[in-house]
Amino acid sequence: MGESLVTDVLALLETEADAILAGKYTVIDDLAARKADLFSALQRVPPPADDLRKISELLVRNQAMLAAAIRGISAARVRLEALRAVRDGLQVYDQSGRFAAMPVTRPDLVKKA
């Protein structure tokens, strides 16, 4: 059972990595229960040190990829918020040095035949 358990864990971690790279975060969520079950089984039947090392390396890799994905999503969110703020109006300082909102006016579209 130990070898097939390790094989299952390694396969699941590879599937998780593929999902992270593809941006399929719902797949990661779907894998969570299976991952928990496999790691519970690993606690009951500890594999050899070499297998644990492989598992650990994949876990560290996946964690780093998830952290990078979170940073990327956060950066994109900040950028979108900045673009929305510019679309809604500019934030400037008025003549007295106070922060003021300046609405952005859009020129009318001109249709040419």
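Structure's up top.
Residues numbered from 1 in each chain as written. Predicted model: local features only at pLDDT ≥ 70, side-chain atom pairs only at ≥ 80, totals over all residues. Heavy atoms only, no water.

**Student:** Explain the pairing of strand S2 (residues 99-102) to me, please; I cannot follow it from the model alone.
**Tutor:** On a regular strand, each side chain points to the face opposite its neighbour's, so the side chains alternate between the two faces of the sheet. Strand direction decides the pairing type here: strand S1 (residues 90-93) and S2, joined by four bridges, are antiparallel. Bridging across to S2, Tyr 93 finds its partner in Phe 99. Where S1 hands over to S2, the hairpin turn is made up of five residues, of which Gly 97 adopts a positive phi near 90 degrees. (Pairing = 2+ DSSP bridges. Helix = DSSP H or I, 4+ residues; strand = E, 2+ residues; numbered from the N terminus.)

**Student:** What should I look at first to understand a nonpolar patch on the surface in this one?
**Tutor:** Together, Val 86, Leu 90 and Met 102 line one region of the surface with nonpolar side chains, adding up to about 260 Å² of accessible area. Along the polypeptide, Val 86 turns up in helix H3 (residues 49-88). (Patch = residues over 30% accessible without salt bridge, like charges linked within 9 Å, V, L, I, M, F, W, Y side chains within 5 Å. Areas by Shrake-Rupley, 256 points an atom, 1.4 Å probe, with all protein chains shown as cover. Salt bridge = Lys/Arg side-chain N within 4 Å of Asp/Glu carboxyl O.)

**Student:** Can you walk me through the side chain of Glu 16 in this structure?
**Tutor:** One can find Glu 16 in helix H1 (residues 2-22). The exposure class of Glu 16 is buried, given its relative accessible area of 4%. The residues contacting Glu 16, other than those within four sequence positions of it, are Ile 28, Leu 31, Lys 35 and Asn 62. (Buried < 20%, exposed > 50% of the residue type's maximum accessible area, 1.4 Å probe, protein only. Contact = heavy atoms within 4.5 Å.)

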